[in-house]
Every structure is written in C-alpha cells, then in structure tokens.
Amino acid sequence: MRLTALCALLAFSSSLAAQRATPQPADLIVTNARIYTVDDSHPFVSAMAVRDGRVQFVGSAREALLLRGASTRVIDAAGQTVIPGMVDAHGHLFELGAGLRNIDLTDTRSFDEIVARVAARIKDTPANRWVLGRGWDQNKWGDTRFPTHEALSRISPNNPVVLERVDGHAILANAAAMRAASVTAATQAPAGGRIERDANGQPTGVFVDNAMGLVQHALPQMSHDDMRTATLAAIAEANRYGLVGMHDAGEPREIIDVFEELAKAGTFSLRAYVMISDDSGTIEHYFQRGPQSALYDGHLWIRTIKLYADGALGSRGAALLDPYADDPKNVGLLKSTPQHLQDVSTRALQHGFQVATHAIGDRGNRVALDAYEGALKSVPTVDHRFRIEHVQILDHADVPRFAQLGVIPSMQAVHQASDMYWAPARLGYARTFGAYAWRSLLNTGVIIPNGSDVPVERVNPLYSFHAAVSRQDDSSWPPGGWFPEQKMTRDEALKGMTIWPAYAAFQETLTGSLTPGKYADFVILDRDIMTIPDAEILGARVFATYISGRAVFERSR
Ligand SMILES: [Zn+2]
C-alpha cells in the first residue's frame with residue numbers, strides 16, 4: 001500500500017519535471033492568420049495554440065508549431081483574419097429565438113405590405129390561432145403616424161393578430177386580439193403606458209410601453225419544450241454571425257431556468273450573461289441564491305438586475321427634459337419611479353449584484369444616474385460596474401457623470417444608423433449634438449460595450465461595428481457620416497465587441513481577448529475588418545466560430 005503510494009508520488013513528480021521540460025502538446029494550432037488579439041502585450045500575431053479549451057500561446061507559427069503533438073489539429077488560415085469571439089452586450093436571446101417563428105416585418109416599407117404579409121400567413125393558419133409578427137416602423141412609411149387596426153381586422157376577423165413595433169416598445173393589435181384581451185373603450189392605460197385612441201375614444205390598436213401588457217397577457221403561453229427549441233434556435237443563429245456571448249437584457253425566471261437547464265446539459269453553445277427582469281419575486285429569489293458567475297464551465301452568469309427608466313424614442317416614450325420637438329405637449333414617460341430605481345439599486349449593492357438600467361431620453365438617463373448616485377451613497381461600493389443601457393440622448397451636464405460614478409454606458413451603435421433619419425425631428429437640431437454621442441463619452445475615460453438590441457436590430461454584430469466607425473447606414477449614407485466627430489476608431493470598435501463587454505460583465509480574466517489562459521473563443525473572418533474601407537465591412541462573412549477551442553459554427557465552403 002505504502003509502496004504504491006510512493007511509486008505514484010514519484011511518477012507524479014517526474015511527470016511534473018517532464019511538463020517543465022516539454023510543454024503539453026496543443027489540441028489546435030492556427031497558423032498563417034492575421035490575428036488581432038485585443039491584448040496590448042501582443043496585439044497582432046500570425047499564430048495561436050489552444051489546449052484544454054484555453055489559449056495556450058499566441059505569437060509566430062514557428063513557436064506555435066513547437067507545441068504540435070501527434071493528435072494536434074493544425075489549421076492553415078490562408079491569410080484570413082482572426083479576432084476574439086464577438087459578444088453582443090445588449091440583446092434579447094429568447095426573443096430572437098421566439099421571433100424566428102413569427103412574421104418578420106423588419107424589411108417592410110409600407111403598412112399595405114404588412115397587411116399583405118399577415119394576410120398570406122392567415123391563409124395557412126388554423127382559425128382562432130394567434131398570429132404574431134415583429135418589426136414594423138411607421139417612420140419608414142410615407143405617412144409616419146401610428147397605424148390603426150381596421151385593415152388588419154378586415155383581413156383577419158377571427159385570428160387575433162399582434163404586431164410588435166421594431167423597438168419592442170409598442171404593439172398593434174387587431175380587433176380579435178383586443179376582444180380576446182377584453183380591451184374596450186373603457187380600458188385605462190397603466191402608469192408608464194399609453195393607449196392610442198381615435199376621436200371617439202376607441203382604442204386604435206396601438207398600445208405603447210406598459211400598456212402592451214393589456215393585450216399581451218392574453219397571448220397563449222409557450223410550452224417549456226417550445227422555449228427550449230426557441231433558445232437553441234437563437235444560439236445557433238448567434239453563432240452563425242460570430243457571436244460567442246450575449247448579454248441578455250432581461251429575462252423572467254422561467255426563461256432563465258430554461259437557459260440553466262440547457263447549460264447544465266452542455267447544449268448551450270454561448271456565454272450568456274443574463275439579466276434578471278424587474279419582478280420583485282424573481283429578484284428576491286436570485287438575491288437569496290447570490291450572484292452566480294461562470295456556471296457550467298463559463299456558459300451562464302446570473303448577477304445583474306435589469307431596470308427600466310423610460311421607453312423608446314421611436315414611440316415617443318423616451319423621457320425628455322424638454323418636450324418632443326414634434327409633439328410639444330409630450331415629454332415621454334418614466335416606466336419606473338425614481339424611488340424604485342434607487343431602492344432596487346441599493347438592494348443590489350447589498351447583495352453583490354450589478355444593475356443595468358434602460359434609459360434612452362436625457363431625462364431617463366438623468367433619473368438613472370441620480371438613482372445610482374443615491375444608492376452608491378448609502379452602500380459605497382468600489383467595483384459595482386453599474387450600467388445604463390442605450391444612453392441615446394444625454395444632456396451636456398450628464399456626460400461626465402458616467403466616469404465620475406463609474407457607470408458603464410452600454411450602447412448599440414447601429415441604433416444611430418437606424419434612427420438618424422427621424423431622430424432630429426423628434427429632438428430638434430440642438431439636442432441631436434448629445435445623441436448617440438459615443439466619442440464625447442469615450443473622451444471622459446469610460447468604456448462602451450457595443451450591442452445590437454436584437455431583435456430590434458439584426459443579430460449580425462458587424463452592423464454595430466460598422467455604425468460605430470462610420471456613423472453611416474448600410475448604403476454608406478450620409479457621405480462622411482452623421483455627426484462624424486463622434487466616430488470610434490477601429491481599435492475601439494473591436495474592443496466594443498470583445499474586451500469591453502467582458503469587463504461590463506466581470507469576465508475580463510476569462511474572456512474578451514486572445515490571451516494565454518483565457519477561453520479560446522475566436523472567429524475566423526473572410527476579410528480584415530480592421531483595415532478594409534468602411535463600405536466593405538458589412539460584406540465580411542464569418543467562416544467559423546470557436547468557443548473553448550471547439551467549432552460551434554463552420555461555413556461550408
Ligand atoms: Zn433591449
């Protein structure tokens with residue numbers, strides 16, 4: 001017995017010595033690549049080695065190949081570009097998956113087109129089954145007023161139809177849907193919501209922000225299996241576009257449970273940093289459990305509370321300090337009271353949780369900053385990494401407060417490219433100087449994790465990368481960019497989808513750059529997005545996406 005133990009000990013120490021002399025062979029070596037590591041100590045290299053799911057080495061091919069063993073896979077990247085796996089710092093993973101089953105209206109250019117698309121779907125839909133769609137945007141139509149339900153009610157008298165606006169902050173329901181939800185002229189909007197009405201006080205079918213629930217509560221529930229299927233479909237879609245991670249901007253308990261179940265089973269090929277929706281029971285549950293980091297080999301984090309300060313600009317729900325330029329009696333709406341934001345933030349600090357608050361208008365942002373400031377006064381915390389999501393319109397005086405308070409502005413650059421056509425009409429010219437102003441913020445010393453807000457925008461993270469550096473839409477309009485002095489550099493934009501999201505999620509020691517010891521999460525692209533002209537960025541294609549050194553997506557060539 002004792003002898004066996006001694007032998008084992010000797011064998012162990014001699015293997016340690018061997019390890020020191022010859023390093024363990026790599027599982028994977030990538031050579032002949034243009035690798036942007038996002039690690040300042042070796043920013044640009046040509047080769048990389050991976051072992052046990054982690055980056056083992058970055059540098060030259062000659063050195064990397066010293067790690068080649070009998071079973072090492074070697075990939076000659078043929079001069080292609082490698083970057084760290086991309087992360088969407090603000091998306092809605094489950095909605096992405098659920099939306100893949102619904103009518104996609106994002107490319108429609110008129111209300112007639114939307115009605116025609118719904119009519120086509122109704123033809124193959126059993127009677128009384130709900131028909132859902134998403135992506136309408138009246139700002140793209142000739143008549144930019146909100147639509148009304150009549151045309152949808154005519155083509156679909158029996159099937160309830162609910163169509164979400166592109167920003168998720170308003171819905172259009174037909175008569176059957178309003179009937180199913182028992183909405184009548186007598187129905188009152190809850191605080192933080194609005195029911196659009198005609199001259200006779202009848203609901204027109206459009207429900208804004210907190211009023212959406214008046215109809216949505218009647219939607220049939222998805223089964224647990226449907227939720228699993230939708231989640232897996234969303235992950236596959238994300239991997240196709242080079243995403244290895246997503247910060248999911250708010251999910252209820254039952255969806256977080258689905259994520260956890262899939263992650264536990266090892267079928268969740270994404271690092272999900274999921275925020276907990278603002279629901280007191282759910283928040284209490286997770287406070288009791290405590291902050292959860294890097295669960296199931298770094299696939300799930302549950303340590304952030306998502307709050308809402310205001311609504312969105314497109315539906316005039318964003319809270320402004322002065323009225324809308326195109327609606328002089330309207331200053332938008334606060335979806336939560338300032339006291340609520342501060343109370344939840346205070347309790348989050350006491351429990352070691354982060355808070356991420358949706359704020360779009362200048363008043364929404366000020367209210368969120370004030371709430372954070374108050375919470376931090378009562379529970380001083382050095383490393384809180386509180387975030388504000390969107391930060392679209394800022395009053396000049398609030399720009400430096402992010403750096404002062406240590407609050408991270410989490411922005412989605414592509415919103416600028418989508419909103420620039422009509423935002424000045426909502427805001428007036430003077431206020432647009434503080435809109436989507438990422439350069440002004442960067443100059444104060446903060447970082448800006450970038451995101452898509454999918455399904456509000458497309459899942460492909462290169463849309464936000466492109467908008468960040470060009471301030472243009474996908475047809476390179478306007479020439480030179482919209483308020484071009486606010487552009488990011490390519491380096492900043494690359495950080496915005498790699499190391500900055502990692503930092504905003506307390507993950508920077510595990511991921512966000514190709515640094516030895518971190519997860520081997522990377523993407524192979526068919527062109528060098530760091531050097532090609534702006535106009536070519538959106539043509540870049542992902543060849544392969546790797547998580548922990550394993551391909552989760554490979555394009556068939
Ligand atoms: Zn969002």
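Throughout, a residue's number is its position along its own chain's written sequence, starting from 1. Totals for whole chains, interfaces and linings use every residue, but because this is a predicted model, local features are given only for residues with pLDDT of at least 70 and side-chain atom pairs only at 80 or more, for both listing and counting.

A helix here means a DSSP run of H or I that spans at least four residues, while a strand means a run of E at least two residues long, and both kinds are numbered starting from the N terminus. Of the regular secondary structure elements, the protein holds 20 helices and 24 strands. Projected onto its principal axes, the C-alpha positions of the protein cover 90 × 55 × 50 Å. Counting all 557 residues of the protein, 50% fall into the buried class. A separation of at least 24 residues holds for 71% of the contacts in the protein among residues at least 6 apart in sequence. Counting other C-beta atoms within 10 Å of a residue's own tells you its class, since 20 or more makes it buried, 12 or fewer makes it exposed, and anything in between is partly exposed; those C-beta atoms are placed from the backbone. The contact criterion used is a C-beta to C-beta distance within 7 Å, with each C-beta placed from the backbone.

So, about the sheet that holds strand E6 (residues 73-76). When DSSP finds two or more bridges between a pair of strands, those strands are recorded as paired. Read across the open sheet, the four strands follow the order E5-E4-E1-E6; overall the sheet is mixed. On the outer flanks of this sheet lie strand E5 (54-59) and E6, each paired with one strand and no other. Adjacent strand axes in the sheet meet at a mean angle of 15 degrees when their direction is disregarded. The pairing of strand E1 (residues 28-31) with E6 spans four bridges and is parallel. Bridge assignment links Leu-28 to a residue of E6, and that residue is Arg-73. Note on geometry: axes are lines fitted to C-alpha atoms, helical ones only across the stretch in contact, with angles between N-to-C directions running from 0 to 180 degrees.

Turning our attention to helix H13 (residues 362-378). Its 17 residues give H13 an end-to-end C-alpha distance of 25 Å, which sits within 8% of 24 Å, the value for a rise of 1.5 Å per residue. Of all 17 residues that make up H13, 12 are buried, and the element is covered over most of its length. Turning to H13, its buried residues are Asp-362, Arg-363, Gly-364, Asn-365, Arg-366, Val-367, Ala-368, Leu-369, Ala-371, Tyr-372, Ala-375 and Leu-376. Where H13 is buried, its residues meet helix H12 (338-350), strand E19 (354-359), strand E20 (387-390) and helix H14 (401-405). Here the expected length of a helix is defined as 1.5 Å per residue gap, with one fewer gap than residues.

With that settled, the discussion passes to the domain arrangement of the protein. All domain edges in this entry derive from an automatic or database-based domain assignment. Examined at the domain level, the protein breaks down into domain 1 (87-92 + 223-553) and domain 2 (93-216). For domain 1 versus domain 2, the separation of C-alpha centres amounts to 27 Å. Taken together, the 26 residues of domain 1 in the interface contact 21 residues of domain 2. Contributing elements (two or more residues each) for the side of domain 1 that touches domain 2: helix H8 (224-240) and strand E15 (243-251). Among the elements that line the side of domain 1 that touches domain 2, the one with the most residues is H8, at five residues. Throughout, the ten residues Ala, Val, Leu, Ile, Met, Phe, Trp, Tyr, Cys and Pro are labelled nonpolar, Asp, Glu, Lys and Arg are labelled charged, and all others, Gly among them, are labelled polar. Counted by class, the side of domain 1 that touches domain 2 contains 15 nonpolar, seven polar and four charged residues.

Let us now look at the packing of H8 against helix H9 (residues 253-264). Two elements in contact, H8 and H9, have axes whose closest approach is 10 Å; the angle formed by their N-to-C orientations is 70 degrees. When the axes of H8 and H9 are compared, the pair comes out roughly perpendicular. Pair H8 / H9 crosses with right-handed handedness. Here Met-227, Arg-228, Thr-231 and Leu-232 of H8 lie close against H9, whose contacting residues are Ile-255, Val-258, Phe-259 and Leu-262. Should an angle fall under 35 degrees it is called roughly parallel, over 145 degrees roughly antiparallel, and 65 to 115 degrees roughly perpendicular, with every other angle called oblique. Two helices cross in a left-handed way if the nearer one is turned anticlockwise from the farther one by less than a right angle. They cross in a right-handed way if the turn is clockwise.

Before going further, it helps to spend a moment on the sheet that holds strand E13 (residues 193-197). Strand order in the open sheet formed by six strands is E9-E10-E11-E12-E14-E13, and the pairing between neighbours is mixed. Of all strands in the sheet, those with a lone pairing partner are strand E9 (103-104) and E13, marking the two edges. As defined by bridge partners, strand E11 (residues 161-165) adjoins strand E12 (residues 170-173) across three bridges and the pair is classed as antiparallel. What sits directly across from Glu-164, in E12, is Ile-171.

Okay, the confidence of the model for the protein next. pLDDT is a residue-level measure of predictor confidence that goes from 0 to 100. Across the protein, pLDDT averages 94, with 96% of residues at or above 70. Low pLDDT (under 50) marks residues 1-19, which in the prediction has one contact with non-local residues, meaning those over four places away or in another chain.

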